[in-house]
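For reference, the chains in residue letters:
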Amino acid sequence: MKSDVVTNILMVGVGGQGTLLASEILSEVLMQAGYDVKKAEVHGMAQRGGSVVSHVRFGKKVFSSIIPEGEADVLFGFELLETYRYLSLVKPEGTVVVNNLRIAPPSVALGQRTYPAEIADKLQGHVKNVQLVEGQQLAEEAGNPRTVNTVLLGALSNALEPTQEQWVAAIKNLVPERFLEVNLKAFELGRTIHT
Amino acid sequence: MQKTILSGNEAIARAAFEAGVQVASAYPGTPSTEILENITQYQRIDASWSPNEKVALEVGIGACFGGARALVTMKHVGVNVAADPLFTLAYTGVRGGLVLVVADDPEMHSSQNEQDSRNYAKFAKVPMFEPADSQEALDFTRLAFDVSEQFDAPVLLRSTTRISHSKSVVTLGTPVAELAETSLKRDPGKFVMLPGNARIRHPLIEQRLEEMAEWACDQPFNRIEEGEGEIGIITAGVAYQYTREVFPDAPILKLGLVHPLPKRLIREFAARFKTIYVIEELDPFIEEQVKAMGIPVIGKEKVPICGELTPWRLRKAFDLNPLELAEIDEPLPPRPPNMCPGCPHRGVFHGLNRLKAFVTGDIGCYTLGFMPPLSAMDSCICMGASIGNATGLAKVLKAEEQQKVVAVIGDSTFLHTGVNGLMDMVYADSTATVIILDNSTTGMTGRQDNPASGYALSGQKTYQVDLEALCRSLGVKHVHTVDPYLLDETRNLIREEMARPEVSVIITRRPCVLIKHDVLEKRPPLCVDADKCTACKACLKLGCPAIEWSPGEGESKGFAKVDRLLCMGCSVCMQTCKFGAFGVCDEK
Ligand SMILES: Cc1ncc(C[n+]2csc(CCOP(=O)(O)OP(=O)(O)O)c2C)c(N)n1
Ligand code: SF4
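Just so you know, these numbers come straight off a predicted model, no measurement behind them.

Novice: Tell me about the interface of chain B and chain A, and name the residues and values.
Specialist: Chain B puts 52 residues into the contact, and the matching count from chain A is 52 residues. Carbon and sulfur atoms supply 59% of the area that chain B and chain A bury against each other, a total of about 4,500 Å² over both sides. On the chain B side of the contact with chain A, K167, P333 and R335 of chain B bury the most area, a combined 18% of that side's loss. At the boundary of chain B with chain A, the tally comes to six salt bridges.

Structure, rendered in structure tokens:
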């Protein structure tokens, strides 16, 4: 497993969707599994409903914390437009896992611009594996629409090495007590999605 | 030793604990803010927010003169504010170690300029370390305290957004068991910088730099990584990581101390290669000094001077076959940051827009009042500038234009550097109007307390500055307070005060909806009755993220829709609707 290859996961979403918490859990799990891990993100302006990006890189030895353009193995999107926006970072033979959700940016909400149509199809035109996930629905099923980040992590976890126990431990470590149960449930529901 | 994954900021906080720091002071600023927030977990450190960076550094200096180790943190532009004490501290030197962490923001992810703080090290004649990951952030911060005491100098540690906000694996060290003895110690020749004393200190400062430059040639933080080929690369900080990514086998001189430069080491390294590259983010700081040593290097002629470096940009700079990237062939609607739903600032800017005020702005969440559709900010320079700008502007305008000038400033920004501006506005007998947007917190940087919020960094209650009394004491005769959720009342008050040919201050008071203290009243979300909505779009002029336009089909002209999950129930939108289309949602 611990070859020289570095794996790159880019997580994108809209401020408030829990993108940063998801990448936090992911990097904790990967460290526990024995990888060198780096994670980069920008706080500040990004939080107020703006676009949020988090880079996670892992392998035997990682240098840059940001993923070079065109080298992301997985583009993991919490919202359609934001996923589309970062398309140039993902490898043509990579994977896109995207939550089937549209959040209107201000110009669209004001009726001045239109939200790009058929994003999933457009993604498919550039990247080999594109998977559309009904994260919102599963999060509601788990009992809280805000757990969509954990649902998606569950889906991602199927494709990665760490064990179920390691994931659960990391979630317990990082999710506040009062949201823990619903997040664990969301994670389980996410694991039923196979990426 | 325990391994963990830490951000650069968390690592610096940990290092302060390990190094036996006793006092930590700061003013928040992205990307430096989390250092102090993380330090609060270490009981033995007295950590506090200061009203601005100058005060933060002065507090640190006081602690260090008492014999304690002190950490002071700020963002890059904060050093502009703290520069005055810094430059003379370079002369006095320290008693306990003093480390000033400055976090730069290449690419301006959350800043108004892209200044390169390394220039301050040279300008102020003080040493500067620059870590390349979280492990080095920890190791160098700890080391910086020893170096500070060894060379009797304040030490700068430069971080950048990609160091402060990137996480990487760190092995923790063992904290020192004993803290330094503190006491009063008089040493006027060293601590009292009058001309006579300063003239004696200055040559010592020059000598100190020369000694350090020689010493640094043999220290492990400046290291040569052997490699292949005829090109040798000199780099430092996060640029080292990108260099390694792009030139995996190249010989590298990686600098940990970026000021003063280890000249002998650089000469020895450069002599071994046909070509030398200097790869650094922002200014040609190392490049110019190496060139001044008579060594030809390739640097900014290839590596961009603006914006942050990335492995991709570096590859492009050296024409190293960058990959073909997928291109999106349609313009995408941008997603800029926006004020939160229920933000108390929104209604104020809605009013300023309607009153066609000329708004001298300032820095905080309210700067987002610049964005359409609020579009009510006409200048923004630096923290505190709004008030002085308004005074100056009003001086040169005719009476009817003078009335249009309104300065807006947040509570934290007002206490940072706005108070002097207001004092001057009264002193200058100005006609301008000032609005203090008091949301009881320092919102933009993640909601830190400040002297007007009534809480300390520790969470403890403390004295709360009375803003009204403060303004009156500066000589402002007309001080009014209003709830910005009351749209008409707020706008009418602004209109009246704008017309008044004297200084007046309006304090709009309402807590930030994300405030950390439990002071918010819960308000039920609103809904739009689509049948009552006449599609006038008046509510859309608020730019609230919770209101979305539903375009009509066929006969329908469309209608506004509220996202109940986002709505905070502030009901400002309700007050913009002349047709009573907004109401509290039915409990369904
Ligand atoms: C000299 C300087 N220090 C720090 C910052 C970072 N900063 C930007 S806005 C802000 C505070 C804003 O707080 P406040 O004035 O209360 O407005 P709010 O964001 O709460 O609306 C800070 C600390 C800066 N831009 N410049
Ligand atoms: S964080 Fe507070 S002050 Fe800033 S936009 Fe949100 S509600 Fe407004």
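Novice: I'd like a rundown of the state of the cysteines, residues and numbers included.
Specialist: Residue and element names in this part refer to chain B. Applying the stated criterion across every chain yields a total of one disulfide over all chains. Between the sulfur atoms of C527 and its disulfide mate C585 the distance is 1.9 Å. Taking the sign of the S-S torsion, about 90° here, the bridge from C527 to C585 comes out right-handed. With a gap of 58 residues between them, C527 in strand β19 (residues 526-528) and C585 in the segment after β22 (582-584) connect regions that are remote in the sequence.

Novice: Hey, could you go over the domain arrangement of chain B for me, with residue numbers and the actual values?
Specialist: Residue and element names in this part refer to chain B. Annotation of chain B at the domain level lists domain 1 (3-216), domain 2 (223-322), domain 3 (346-509) and domain 4 (526-584). One C-alpha centre belongs to domain 1, the other to domain 2; they are set 26 Å apart. With 29 residues of domain 1 at the contact, the number on the domain 2 side is 29 residues. Both sides together, the interface formed by domain 1 and domain 2 hides about 2,300 Å², and carbon and sulfur atoms give 56% of it. Put simply, domain 1 and domain 2 have six salt bridges between them. One salt bridge connects E214 with R264, and the closest N-O pair in it is separated by 2.8 Å.

Novice: Report on the pattern of salt bridges, specifying residues and quantitative values.
Specialist: Residue and element names in this part refer to chain B. On inspection of all chains with the given rule, the structure shows 45 salt bridges over all chains. K167 is the partner of E10 in a salt bridge, and the nearest nitrogen-oxygen pair spans 3.6 Å. Of this pair, E10 sits in helix α1 (residues 8-18) while K167 sits in strand β8 (residues 166-171); the two residues are 157 residues apart in sequence, bridging distant segments of the chain. A relative accessible area of 10% means that K167 is categorised as buried. Across the salt bridge formed by R118 and E280, the nearest N and O atoms sit 2.9 Å from each other. A residue pair is termed long-range when its members are at least 10 positions apart, and R118 in helix α5 (residues 118-124) and E280 in the loop between β13 (275-279) and α12 (285-292) qualify at 162 residues.

Novice: Outline the side chain of T576 of chain B, listing residues and values.
Specialist: Residues and elements named next belong to chain B. Looking at the secondary structure, you find T576 in helix α20 (residues 572-576). On the accessibility criterion, T576 (11% relative accessible area) is buried. For T576, the side chain forms a polar contact with the main-chain oxygen of C573, separated by 2.6 Å.

Novice: An account of the site of ligand 2 is needed here, citing residue identities and associated values.
Specialist: Neighbouring ligand 2 are the residues R48 of chain A together with M339, C340, C343, H345, C365, N439, C512, V513 and L514 of chain B. Here the residues of the shell around ligand 2 sort into seven nonpolar, two polar and one charged.

Novice: Can you break down helix α1 (residues 19-32) of chain A residue by residue, with the values?
Specialist: All names here are of chain A. Relative to the 20 Å expected for 14 residues at 1.5 Å per residue, α1 spans 20 Å between its end C-alpha atoms, a close match to the ideal helical length. With respect to burial, α1 is a largely interior element, 11 of its 14 residues being buried. Every buried residue of α1 is listed here: T19, A22, S23, E24, I25, L26, S27, E28, V29, L30 and M31. Trailing α1 by a residue or two, G34 shows a phi angle of about 100°, which is positive.

Novice: Which residues make up the packing of aromatic side chains, and what values do they have?
Specialist: Residue and element names in this part refer to chain B. Enumeration over the complete set of coordinates arrives at 17 aromatic pairs over all chains. Aromatic pair F140 and F221: ring centres 6.5 Å apart, planes at 80°, arrangement edge-to-face. Here F140, found in helix α6 (residues 134-151), pairs with F221, found in the loop between α9 (195-215) and β9 (223-225); they are 81 residues apart in sequence, far enough to count as distant. Each member of the pair, F140 as well as F221, is classed as buried. Aromatic ring contacts, followed pair by pair, group F129, F140, F151, W215 and F221 into a single cluster. The lysine or arginine in question, R223, covers the ring of Y240, its NZ or CZ lying 5.4 Å from the ring centre.

Reading the values: the criteria
Residues numbered from 1 in each chain as written. Chains lettered and ligands numbered in written order. Predicted model: local features only at pLDDT ≥ 70, side-chain atom pairs only at ≥ 80, totals over all residues. Heavy atoms only, no water. Contact = heavy atoms within 4.5 Å. Buried area = accessible area lost by both parts, 1.4 Å probe. Salt bridge = Lys/Arg side-chain N within 4 Å of Asp/Glu carboxyl O. Disulfide = S-S within 2.5 Å. Helix = DSSP H or I, 4+ residues; strand = E, 2+ residues; numbered from the N terminus. Domains from an automatic or database assignment. Buried < 20%, exposed > 50% of the residue type's maximum accessible area, 1.4 Å probe, protein only. Polar contact = N/O pair within 3.5 Å; in protein donor to acceptor, adjacent residues only side chain to side chain. Near = heavy atom within 4 Å. Nonpolar A, V, L, I, M, F, W, Y, C, P; charged D, E, K, R; others polar. Expected span 1.5 Å × (residues − 1). Phe/Tyr/Trp six-rings, centres within 6.5 Å; stacked < 30°, edge-to-face > 60°. Lys NZ or Arg CZ within 6 Å of the ring centre and 35° of its normal.

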